[in-house]
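# An overview of the molecular structure
Here are the chains, one letter per residue:
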Amino acid sequence: MALSRRIFLRGSAVTMVGAGAAPLWLQRAALAAENTGKRKKVLVAIFQRGAADGLNIVVPHGDPSYYSLRPSIAVPRPNAAKQADTAVDLDGFFGLHPALSPLKPIWDRNQLAIVHAAGSPDPTRSHFDAQDYMESGTPGLKATADGWLNRALPPAIGKPSPVRAISLGPATPRTLRGGNSVVALDNISTFGVRDQASAEVLKSMYGGSKDALLGNTGRETFEAVALLKGIQQTPYQPASGARYPVGKFGESLKQIAQLIKADAGLEVAFADLGGWDHHVNEIGQKASVGQLANRLDEFGSSLAAFYQDMGDRMEDVVVVTMSEFGRTAKENGNRGTDHGHANAMFVMGGAVKGGKVYGDWPGLAAEQLYEKRDLALTTDFRAVLGEAVHTHLGNKTIQSVFPNYTGGPEKFRGLLRT
Amino acid sequence: MMRKLPALLAFAALLAATGLAAKKKSPATAPGTPTPATPAIPQLTADQKIVHALDRLAFGARPGDAEAIAKTGLDAWIDQQLHPETIAENPVLEAKLAPLETLRMSTKDMLQHYPSQQMLKAMIDGRLPLPEDPQAKAAANAAMARFAKTQKANILGVGEKGDEAKSNGPQDQRAAIEKLPLTDQQKQTLRSGTREQRVSLLTSLSTEQLLDVIDALPGSMQGGIAAQMPPAVRRHIQILRSPQQVVNQDLIEAKLYRATYSNRQLEEVLTDFWFNHFNVFLDKGADRFQATAYERDAIRPHVLGKFKDLLLATAQSPAMMFYLDNWQSMGVESPANKRNGKKQGLNENYGRELMELHTLGVDGGYTQADVTEVARCFTGWTIIQPQRGGGFAFEARMHDPGEKHVLGVTIPAGGGKGDGLKVLDILLHHPATAHFISKKLATRFVSDNPSEALVAKMAKTFTATDGDIRETLKTMLGSDEFWAADNFRSKVKSPLEMVVSALRAVDADMDNPQQVIGLMTNLGEPLYRKQEPTGYSNTGADWMNSASLVARMNFASGLAQGRLNGIKVDPARFNGAADQIERSILLTDPTEDAKRAIQAGFDAQPQMRPDRIGPAIAGLTLGSPDFQRR
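Residues numbered from 1 in each chain as written. Chains lettered and ligands numbered in written order. Predicted model: local features only at pLDDT ≥ 70, side-chain atom pairs only at ≥ 80, totals over all residues. Heavy atoms only, no water.

### Remarks on the overall build of chain B
- The helix and strand tally for chain B stands at 32 helices and six strands.
- Within chain B, the proportion of its 630 residues that are buried is 58%.
- Long-range contacts, defined as pairs at least 24 residues apart, comprise 71% of the intrachain contacts of chain B with a sequence gap of at least 6.
- Entry remark: accessible area of chain B is about 24,800 Å², with carbon and sulfur atoms responsible for 54%. (Helix = DSSP H or I, 4+ residues; strand = E, 2+ residues; numbered from the N terminus. Buried < 20%, exposed > 50% of the residue type's maximum accessible area, 1.4 Å probe, protein only. Contact = heavy atoms within 4.5 Å. Areas by Shrake-Rupley, 256 points an atom, 1.4 Å probe, with all protein chains shown as cover.)

See the structure below:
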C-alpha cells in the first residue's frame, strides 16, 4: 500500500545486498547489512534461575562425604543394573544426574565439558543479588548498569544486524542490557504488529520519538521485525529428527537454532529456566523422579535437542550454563537444600574440548567446605565466560567485559580449541 | 473527520476550562499549591498534577475522572483515596465480582465446594469423607466422577498437563465432533456456527450433554468454546471441567476487575504493591487455594495501615508459610525431632527472605548466622494439613527450645512462639526496615531513582508513626519530589499498569478477562505467578523491551478495534477528530511526532472505512510511546 512504501523509503536506510550468498528472504528483507547472510560465531548463555543444586546435577560420587552429607537425597553411585536411578558415570569420580542422560552422547563425542566448583566469588546467598552480580559480570558491584553479554559483543563492523543479540522470553535480562541493541522476543512466528496499517504508523511514530528508551526500543523492534519476516514465512523444521521437549525452555532453544541457521547475524543469545530453588523434597522416592529430576529432564533434553538440531553448525556455537550459586553441601531438614556457594557449569559446542570435568575439586569434608557448609569455589565463573568471549567470540578485551576481574587468559581452563 | 485535521493543532491546555482552583495550604502538604517563590524543584502545573495523581495513585484515568477531580479538588480526592472506606464502591464492579463466590469463602469451604485433585483422590480412595453441605456434596460427587473419567483418559500418563499433550489438529476436532451424541445440524453448528449459534446450542443442552460435548473436544477447542460463552455458562463449564481452576480464575479475574473498575484505586494499587512485596506463587502446592484468603485477609485489610500488621499477618498465613517452606522447618533440638531420631531439621528459606525481602533489605546488615538463628526462632510456625485448607498454627513440639541470637539480641531459651514474634519486633524497629520499605514505596510511586533525601524523610515518618503506611505515603505526597515536573510520565508502566490503564481509558466493558490474563503472560507479568519471592520489579525501565512492546501494540489495537474476546469498547467513543481522540486517552496533547505519524498514516489510506478510523487512532494512541509511561 502507498503508506507503507512511503514511510519505508523515508524512514529506513535501505541497503540492498548483492544477490549472491544471502538467502532469498534476506534479499527481500531489504534490511540486510554486511552482517547478515553469513555464518557468525555464536555464544548462547543459559541461566538456571533459583540456584541449581550442582552437587546433585554433576554428582561427586567418588567423594565419600557426599553420601554422608546427603543421607536421603544423594544420587546413588553409578550402577549399570539400575541405570535410570543412579548417576551416569563420567570419569570414575563424577557422574551426571540420571535425568541428564541425553547429554551423555555429547560428552562421549567430547563436545560437552563441565567446570565444577565454579561460580561467583561473592559470598551473598541472596538470589536477587547473586543473579544481579552474575548477570552484570561484576560480583560485589551493584552500580554496574549493563550486562556482561552485551559488553561481550565485539565492536560491530559496518551496520550491525538488528538481531545480533537476542533474548528469548518476555523481558530483556540483566545479562544482555547495555549499549548494543538487544531484541527480546517470545516467539519468532508471532513477533510483529498484526494490524498492518497500524504497524506502519507505529513504526514511524517510534522512529521519530524523542523518548530515548521507547524510541530506541521501538526502532530496534521494527528493524528486527522486518528482518525476521522472511524467517517467519516457512515453518521451522528441526534437523536430524531433533525433538525439543514441550515447554518454554525447549521452545527458546529451538528459536535460537532457527535464528543461527538462518544466518540472520545472531552473535549472542540468552535463555533461562527457573524453578531450581529446592528447599523441600528435592529428590523423590528415586533419583529419577521429583522436582530436580523434572527440571533436569527439561534442561537436558532441550540442550540435547539443540545439539542434534544444529548438527555441524555446532562448530559455530558455544553454549554455557550458569546459576547464581550452588546449594548447601548438607541436605536440610526437609529433604531439600538451602542456599550455598559454588556450582557446576556446562560448556557445549563444536570447539569445546569436552569429555572432561575441569576445575580443582575442593572436597566435601567438613574442613574443606566454604563457611563450613557449602562447596568451595575453585573457578571464578568469569574465567569460564571470559574464555568463551575471548576465544570463541574473539573479543580479546576481557577487562572491559569483566571490569572488576583481575584474571586474564592465564586463568582460562583451556575449555576451547584455539 | 480525520481529514479535517488541522495541520497544526492548537495547544489547548488540558482542562483549562475547568478552572482548577488550587487550595491554599502549607507547601509541605498541598499538592495543588502554586509553586512557591523559590522552588527547589520545578513543579507540575495544576492540570498535570491531576493526570499525575491518576497515573501514580490509580491505574490511570477513566473518562471523566480528571474533570471530576478538578471539580472536587485534588487534595480532597487524594484524602479520599487514603481512606478507601469512605468511597462508595462502583456498582459495576460489585456486579462483576458477585458470581466469583470463591473470593468470599474460607479456604476450607472453598476446598469443599471446589476440591483440589488431591482431595478428590482422597475422597475416591475413602481417605477423606465427603462434605456434609448438600450442595458441596453434589459438587464433590460430580467432580469425583469427572476426575475418575479423566484419570481413565489419561491412563497413558499424560498427567496434569494432559490437555497440552492432546493433539489439536483440525482433523482431530472434526473427528471429535463427529463422535458426539448430537444431531447432524448441531454438529454443523459446533463446527462452523457463529458465536451466537454456538452459545444458544450449548446453553440448550443438559449438564450431562454439555459435559460430554466439552469432554469430547480437543483441549484447545474446549477453551475456545468456553471463551465464547456468557460468564455464567463459562463458569459452569469450568466448574465441571476443573473446580480447582475456578478458584485461581476467580482470584485473577477479580484482580483485573478491581484494578479496572474499583473507585478505591489507591487501595488496589497498594494491594498489588504489598502482595508483590510479600509475594507468594499461585502454582506452588497449597498456595493454589491459600492465595485467595491470603490476599483478602492478610494483605488487603492492612495496605494503608501499620506495616507491623502486614508483617504479622503474612508471617502467620498458611500461604506464606507454605510458599517459603517454613511450615516444615523443624528445630533440630525440638521434641518432635528428637523423637524421630533427628531425621529432620531447619529450613532457612523463610528466615532469609523475611530479612532480605520483607524487612531489612539485602544490605540491611544481617549475616548467614542471623539467617540460621531466625530460622530457629520460627521453627514450629506451621500449618495444620495445608493440602486440606488448614490454617496457621504454632506447634511447640517442632520448635527449637534453645537460646538464640538475632542481630545482636539474645532471645532466651524457652520462648516458644514468642521467639518468632520477638524477631518480627526486632526487624520492625530496625532502621534498615524503615529505609527499605520507604525506598520501595518511593520507587513504585515517585521515580525509578528516588532521592536519598525523600527516602530519608519517608523513613523518618515510618519510624515516628510505628510503621504507619498511610502517614508514610502522606509524607511522600507532601514532597516536592513527588510533584516534580521531571517525574511526569517518567516511569514506564508495568504490564498490569499498561493493560488496566488502557481498559480504563477507553471505558472498556470487560465480561471475560481471559484473553487479557493470557496477555499478561506474554508481557512478562503473569498474575499471581511470579515464582521467585522477589516479586515483580517496581522499576519501570525493567519492563521495556521489544517483546513487550510488540505485545503492548497488539493489545492496544485489538482493544480499541473491538477484537478482544469478551471486551466491548463503544466505537462511538472515537467519533471525534483525531486530536480529540488522542487527548481523551492521554489527557494531554500527544507529542508532535506521534500526531504527525498518525496523520500521515491516515492521509495515506483514503480507502479506509470512515467508521474504522476512530478506533484505529485510539489503538495507535494506546500503543504510542506516551501511553507506555505514567
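### Quick word on the pattern of salt bridges
- Within the structure shown, the criterion is met by 63 salt bridges over all chains.
- Among the ionic pairs, Asp360 of chain A bridges to Arg413 of chain A, the shortest N-O distance being 3.6 Å. With Asp360 of chain A in the loop between strand E11 (356–358) and strand E12 (379–380) and Arg413 of chain A in the segment after helix H13 (398–401), this pair connects stretches of sequence that are 53 residues apart.
- On the basis of relative accessible area, Asp360 of chain A is assigned to the partly exposed category, the value being 46%.
- Its salt-bridge partner being Lys284 of chain B, residue Asp325 of chain B comes within 2.9 Å of it at the nearest N-O pair. Residue Asp325 of chain B is located in the loop between helix H19 (318–323) and helix H20 (335–339), and its partner Lys284 of chain B is located in the loop between helix H16 (265–277) and helix H17 (287–299); the two are separated by 41 residues in the primary sequence.
- Asp325 of chain B gets classed as buried once you look at its relative accessible area, which sits at 3%. (Salt bridge = Lys/Arg side-chain N within 4 Å of Asp/Glu carboxyl O.)

### Regarding the pairing of strand E6 (residues 165–168) of chain A
Residue and element names in this part refer to chain A.
- By the alternation rule, side chains of E6 split into Ala165 and Ser167 and Ile166 and Leu168, which are all buried.
- The pairing of E6 with strand E8 (residues 268–273) spans three bridges and is parallel. Pairing of Ile166 across the sheet is with Ala269, part of E8. (Pairing = 2+ DSSP bridges.)

### Notes on the interface of chain A and chain B
- Across the boundary between the two partners, chain A contributes 54 residues, which contact 52 residues of chain B.
- Interface area, chain A with chain B, both sides summed: about 4,200 Å², of which 56% is carbon and sulfur.
- Taken together, the connections running from chain A to chain B amount to five salt bridges.
- Here Asp211 of chain A makes a salt bridge to Arg629 of chain B, at a shortest N to O gap of 2.5 Å.
- Where the side of chain A that touches chain B is concerned, the elements lending two or more residues are helix H1 (2–11), helix H6 (127–136), strand E7 (183–185), helix H8 (196–207) and helix H9 (212–232) of chain A.
- Here the element with the most residues in the side of chain A that touches chain B is H8 of chain A; it accounts for seven residues.
- Classifying every residue of the side of chain A that touches chain B gives 22 nonpolar, 19 polar and 13 charged. (Buried area = accessible area lost by both parts, 1.4 Å probe. Nonpolar A, V, L, I, M, F, W, Y, C, P; charged D, E, K, R; others polar.)

### Quick notes on the sheet that holds strand E3 (residues 88–89) of chain A
Residue and element names in this part refer to chain A.
- The strand order E2-E4-E3 describes an open sheet built from three strands, whose pairing is antiparallel. Each end of this open sheet is capped by a strand with a single partner; those strands are strand E2 (58–59) and E3.
- With two bridges connecting them, E2 and strand E4 (residues 95–96) associate as antiparallel partners. What sits directly across from Val58, in E4, is Leu96.

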